[in-house]
Amino acid sequence: VTAPTSPHILKVALDTPLRRTFDYLPPPGVAGRGVQPGMRVAVPLGRRRAIGFVVGVADTTEVPPARLKAAIELLDPEPLWDAQCFDLLLWAADYYQHPLGEVLAASIPAALRRGAPAVHALAAWQLSATGLEQLTGTGLRLGPRQRELVERLRNGPVVAAEVSAAQLGPALRSLARRGWVEPLELPAPAPAAGSATTRAPPLTAAQRLACDAIAGSLGGFTPWLLHGVTGSGKTEVYLDVIERVLAAGQGALVLVPEIALTPQLVGRFRGRLPVPVVTLHSSMTDAERLEAWQAARSGAAPVVIGTRSAVFTPLPAPGVILVDEEHDASYKQQDGFRYSARDLAVARAARHRIPVVLGSATPSLESLANATETRYRKLLLPERAGSAGKPRVGVVDLRLHAARDGLAQPVIAAIERHLADRGQVLVYLNRRGYAPTLFCSGCGWIAPCPACDARMTVHMARARLVCHHCGADAPLPFGCPKCGSEVSAVGQGTERVEQALAELFPQAPLVRVDRDVIRRRGDIERALEEVASGRARILLGTQMLTKGHDYPDVTLVAVLNADQGLFGADFRASERLAQQIVQVAGRAGRGHRPGEVLIQSAYPENPLLVSLVTEGYEGFALRALAERRDAAWPPYSRLALLRADSPERGEVYAFLRAAAAAAPDLGGVRLLGPAPASMERRAGRYRAQLLLEASTRPPLKRWLEAWLPQVEQLKHPRQLRWSVDVDPIEVD
Ligand code: ADP
Ligand code: ZN
Ligand code: ZN
């Protein structure tokens, strides 16, 4: 190693699963001191050119001089991220124990990973000094096309796209050959500003209090939990806070769950705010995402509304971060870099020293515990903005009442009553298809998925059996493939309930909403328009109904199967169920008629269900938190999972046992397993896991840091995959 005069070794993180950085010399002609962490470089990697991220510039390297290569090209004149966001990413890689290069790559639009520019500029041409000189002279012989182009260029630079649009390409090339024109880049025009045509309603007292409290915290880090019942006007609070932030010359980052990013929500923001608002979500093209990201980073669009990965959007001057429906599971990335955007939003706000608002009608138990322990400050919007009050909630005991195709008699009677009163009815069943089971009464055969430990779901309209876990499908058999006896569909999905409702209430037009009928962009809007216009009287659907949409004329909500959630394999199953019930109930009955909610259950005395019905979500949450404390589940413990899967069952357990044997000799962490996943075989792969549990984070982190490098060294067959999940949201 030669003694360097200045730091000149680039530490580069590459988009690979390796937990290390790679050393390079700066590209030719670039000084080490000109390179900053957060810039992209193109580097040679084996025989190919890879794009990596500079994470440090050092004096020394372990790489022998003969093997040390130079980077090919520096791609950015400035770091991609603001300093706080970059620091967040470094921290997150460490916290989630994920390779840094993959973390950095996952945080930016795909086009940037491939080397697209971070600044949106338009290629253009202008007259060069020689060009100006020559063209002022006389006696120049120019063709008509060339003359036209020169006329345009005399008025200033011309965008390259306009040159080709006007078919002046050949003329341009002939001027360029003579050195009379030169390329330059013009800044891209800013996205269109919002119309600011709607005005805020006069805020309710509770909204006022919340807005003032948050506004009073601007300029410093405060995490807020905004617990507002559905329809209480949380979005109005967000808008008010954003207006104040904009007035201070700053911007806002708004995170929303994937499905809530509807045109209506974005329209509401654009209709109110006088600045460009950009969105970032998965149904945008790579080019659209790149442009939105560039506009956010440059400050051209001071308001960004996006899903999970938008938490990493660089902003020149963020003033607040808002996380809507903070309890939503879609904030947790479920493969690769398994981060929680909700948690990272809080960590990011701390780095910018700005407030972060976590809003929900059904806050996660984690956030409620944080509020109780005063890490978060709590704001309440206890009532719906301008309407009828809370719905009545009742339980229908499925042991006492006969059910017809999943509909108990009291529920059928209630539907009849509400329809007769000109109300709309919402029927909620979180299971699509016709029936979850195809059963042979002759021999007891149940149609299994060939690739999963699961039953095939009957889809009658398509006459097929479909596995909802791996997508496998097969024709619906006429008889039992084992004994030839008659087979029957057991249990209910939305398709079957739709038929039953159509038979019971032939006069009431019905709209069904689930993934089998809502497949394309715009489908859901069309379906909900049927409901909004009043043409449809019954709305039937899955979880798709619980998010982002309001049904003001719905007066009855019937939840057909609460028991799925009460006895789920995961410790969060009951929390999810309570959230779904409260969300779906809360979206209904916003008009002036009070609503009614009926929950069908075969376990009406279940304490969690009782507290939900009698005391609402708060009562449920208190009881559920007490149960979590007793069982030492999060938020009263910290978890991490090491998952492995392979087509060979034996390989999975051999690997996990070897990993367990490599456990460090450090206290404070309990290692449980290997244990099979609750569905051990899925899509032809066997799945099992080790569960790590600690009462606080620091020992768990130390433990993982000591352990994972050992796990990484373990030899295993190529077809075996493994991953680490810190703070998993599902442990089944
Ligand atoms: P949330 O986000 O809590 O579900 P929204 O902000 O969407 O609630 O508000 C629900 C409905 O109530 C919307 O139609 C909204 O326009 C209306 N609303 C909100 N705040 C007020 C208010 N202060 N006065 C009148 N209407 C309001
Ligand atoms: Zn049979
Ligand atoms: Zn399957």
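Residues numbered from 1 in each chain as written. Chains lettered and ligands numbered in written order. Predicted model: local features only at pLDDT ≥ 70, side-chain atom pairs only at ≥ 80, totals over all residues. Heavy atoms only, no water.

J.: How would you sum up the overall build of the chain? Please name residues and give values.
T.: Tallying secondary structure elements over the chain gives 21 helices and 32 strands in all. If one aligns the C-alpha atoms of the chain with their principal axes, the spans along those axes are about 100 × 65 × 60 Å. Of all 732 residues assigned to the chain, the portion counted as buried reaches 52%. Partitioning the contacts of the chain with sequence separation of at least 6, the portion at a separation of at least 24 is 76%. Here the chain has roughly 32800 Å² of accessible surface; of this, 52% comes from carbon and sulfur atoms. Averaging the coordinates of the 85 positive side-chain charges in the chain and doing the same for the 73 negative ones gives two points 4 Å apart. (Helix = DSSP H or I, 4+ residues; strand = E, 2+ residues; numbered from the N terminus. Buried < 20%, exposed > 50% of the residue type's maximum accessible area, 1.4 Å probe, protein only. Contact = heavy atoms within 4.5 Å. Areas by Shrake-Rupley, 256 points an atom, 1.4 Å probe, with all protein chains shown as cover. Lys, Arg positive; Asp, Glu negative; His and termini not counted. Charge placed at Lys NZ, Arg CZ, Asp CG, Glu CD.)

J.: Tell me about the sheet that holds strand S13 (residues 318-323), residues and numbers included.
T.: If you walk across this open sheet you meet the seven strands as S11-S12-S10-S13-S14-S9-S15, and the pairing is parallel. Single-partner strands in this sheet number two, and they are strand S11 (277-280) and strand S15 (377-381). The sheet shows a mean angle of 20° between the axes of neighbouring strands, direction not considered. In this sheet, strand S14 (residues 356-360) lies alongside strand S9 (residues 223-228) in parallel orientation, the contact comprising five bridges. Pairing of Leu-225 across the sheet is with Leu-358, part of S14. Of the strands in this sheet, strand S10 (251-255), S11 and strand S12 (303-306) touch helix H10 (residues 263-272), which is tilted by about 160° from S11. Most of the contacts of helix H12 (residues 341-352) go to S13, to which it runs at about 160°, and overall it touches S9, S10, S13 and S14. (Pairing = 2+ DSSP bridges. Axes fitted to C-alpha atoms, helices over the stretch in contact; angles between N-to-C directions.)

J.: Give a detailed account of the side chain of Thr-494, specifying residues and quantitative values.
T.: Relative to the assigned elements, Thr-494 resides in helix H15 (residues 494-504). A polar contact of 2.6 Å, which involves the side chain of Thr-494, links it to the side chain of Asp-514. In this structure Thr-494 touches Leu-429, Arg-431, Arg-432, Gly-433, Arg-512, Asp-514, Leu-540, Gly-541 and Thr-542, once residues within four positions along its chain are discounted. (Polar contact = N/O pair within 3.5 Å; in protein donor to acceptor, adjacent residues only side chain to side chain.)

J.: Account for the sheet that holds strand S19 (residues 424-428), naming residues and giving values.
T.: Strand pairing in a sheet relies on backbone hydrogen bonds, with the paired strands running either antiparallel or parallel. Ordered by their spatial adjacency, six strands build an open sheet running S16-S28-S27-S19-S26-S25, and the pairing between neighbours is parallel. Each edge of the open sheet is held by one strand with a lone partner, namely strand S16 (392-397) and strand S25 (510-513). Across the sheet, the axes of successive neighbouring strands diverge by a mean angle of 15°, strand direction being ignored. Each of S16, S19, strand S26 (538-541), strand S27 (554-559) and strand S28 (596-601) is contacted by helix H14 (residues 409-420), which is oriented at about 160° to S28, the strand it contacts most.

J.: Describe the environment of Ala-414, listing the residues and the values that go with them.
T.: Among the secondary structure elements, Ala-414 is positioned in helix H14. Through-space distance from the C-alpha of Ala-414 to that of Ala-558 is 9.1 Å; in sequence the pair is 144 residues apart.

J.: So what's going on with the pattern of salt bridges? Which residues, and what values?
T.: Counted by the stated rule, this structure contains 42 salt bridges. The salt bridge involving Arg-572 is made with Glu-366; its shortest N-O contact spans 2.4 Å. Here Arg-572, found in the loop between helix H17 (563-566) and helix H18 (573-586), pairs with Glu-366, found in helix H13 (residues 365-372); they are 206 residues apart in sequence, far enough to count as distant. On the accessibility criterion, Arg-572 (6% relative accessible area) is buried. For the salt bridge of Asp-516 with Arg-462, the shortest nitrogen-to-oxygen distance reads 3.6 Å. Pair noted here: Asp-516 is in the loop between S25 and helix H16 (523-532) and Arg-462 is in the loop between strand S21 (457-459) and strand S22 (464-466), with a separation of 54 residues, a long-range link. Arg-462 gets classed as partly exposed once you look at its relative accessible area, which sits at 42%. In the salt-bridge network here, residues are joined through shared partners; they are Arg-208, Asp-212, Asp-240 and Arg-244. (Salt bridge = Lys/Arg side-chain N within 4 Å of Asp/Glu carboxyl O.)

J.: How would you summarise the side chain of Asp-82 if you had to cite specific residues and measurements?
T.: The topology assignment puts Asp-82 in the loop between strand S5 (73-74) and helix H1 (83-95). Classification of Asp-82 as buried rests on a relative accessible area of 14%. For Asp-82, the side chain forms a polar contact with the side chain of Arg-348, separated by 3.0 Å. The residues touching Asp-82, leaving out its near neighbours within four places in the chain, are Pro-314, Leu-315, Arg-348 and His-352.

J.: Tell me what's going on with the coordination of the zinc ion (ligand 3), and back it up with residues and numbers.
T.: Under perfect tetrahedral coordination by four donors, a metal shows angles of 109.5 degrees; under perfect octahedral coordination by six donors, it shows angles of 90 or 180 degrees. At this site the zinc ion (ligand 3) is bound by Cys-449 (SG), Cys-452 (SG), Cys-467 (SG) and Cys-470 (SG), with donor distances of 2.2 to 2.3 Å. Geometry at the zinc ion (ligand 3) is tetrahedral, judged from its four donor atoms and the angles of 103 to 116° they form at the metal. If you list the donors of the zinc ion (ligand 3) from N- to C-terminus, the spacing comes out as C-x2-C-x14-C-x2-C. Its relative accessible area of 3% is what places Cys-452 among the buried residues. (Donors = N, O, S within 2.8 Å, 3.2 Å for Na, K, Ca; no water. Tetrahedral: all angles 85-135°; square planar, octahedral: opposite > 155°, others 65-115°.)

J.: Before we move on, can you summarise the coordination of the zinc ion (ligand 2) with the specific residues and values?
T.: Looking at the zinc ion (ligand 2), one finds its protein donor set to be Cys-440 (SG), Cys-443 (SG), Cys-480 (SG) and Cys-483 (SG), positioned 2.2 to 2.4 Å from the metal centre. The coordination sphere of the zinc ion (ligand 2) comprises four donor atoms, whose angles at the metal cover 101 to 114°; the geometry is tetrahedral. Donor residues for the zinc ion (ligand 2) sit on one chain with the sequence pattern C-x2-C-x36-C-x2-C. On the criterion of sequence distance, the pair formed by Cys-443 in the loop between strand S20 (437-440) and S21 and Cys-480 in the loop between strand S23 (473-475) and strand S24 (487-490) is long-range, its members being 37 residues apart. By relative accessible area, which is 5% here, Cys-480 ends up buried.

J.: Talk me through the site of ligand 1; I want residue IDs and the actual numbers.
T.: Taken together, the neighbourhood of ligand 1 is formed by 15 residues, with Pro-202, Gln-207, Lys-234, Thr-235 and Arg-268 sitting nearest. Gly-231 is positioned with one of its backbone polar atoms (N or O) 3.0 Å from an oxygen atom of ligand 1. In isolation ligand 1 has 560 Å² of accessible area, and contact with the protein removes 73% of it. It is helix H9 (residues 234-247) that provides the largest number of residues to the shell around ligand 1, a total of three residues. Broken down by class, the residue content of the shell around ligand 1 amounts to five nonpolar, six polar and four charged. (Near = heavy atom within 4 Å. Nonpolar A, V, L, I, M, F, W, Y, C, P; charged D, E, K, R; others polar.)

J.: If you had to explain the packing of H1 against H12 to someone new, which residues and values would you point to?
T.: When two helices pack together, their arrangement is given by the angle between the helix axes and by the axis-to-axis distance. With their axes 9 Å apart at the nearest point, H1 and H12 run at an angle of 135° to one another. Considering the angle they form, H1 stands oblique to H12. As for how H1 packs across H12, the hand of that crossing is right-handed. Residues Gln-84, Cys-85, Asp-87, Leu-88, Trp-91 and Ala-92 of H1 pack against Leu-344, Ala-347, Arg-348, Arg-351 and His-352 of H12. Residue composition of the contact of H1 with H12, by class: six nonpolar, two polar and three charged. (Parallel < 35°, antiparallel > 145°, perpendicular 65-115°, else oblique. Left-handed = near helix turned anticlockwise from the far one by under 90°.)

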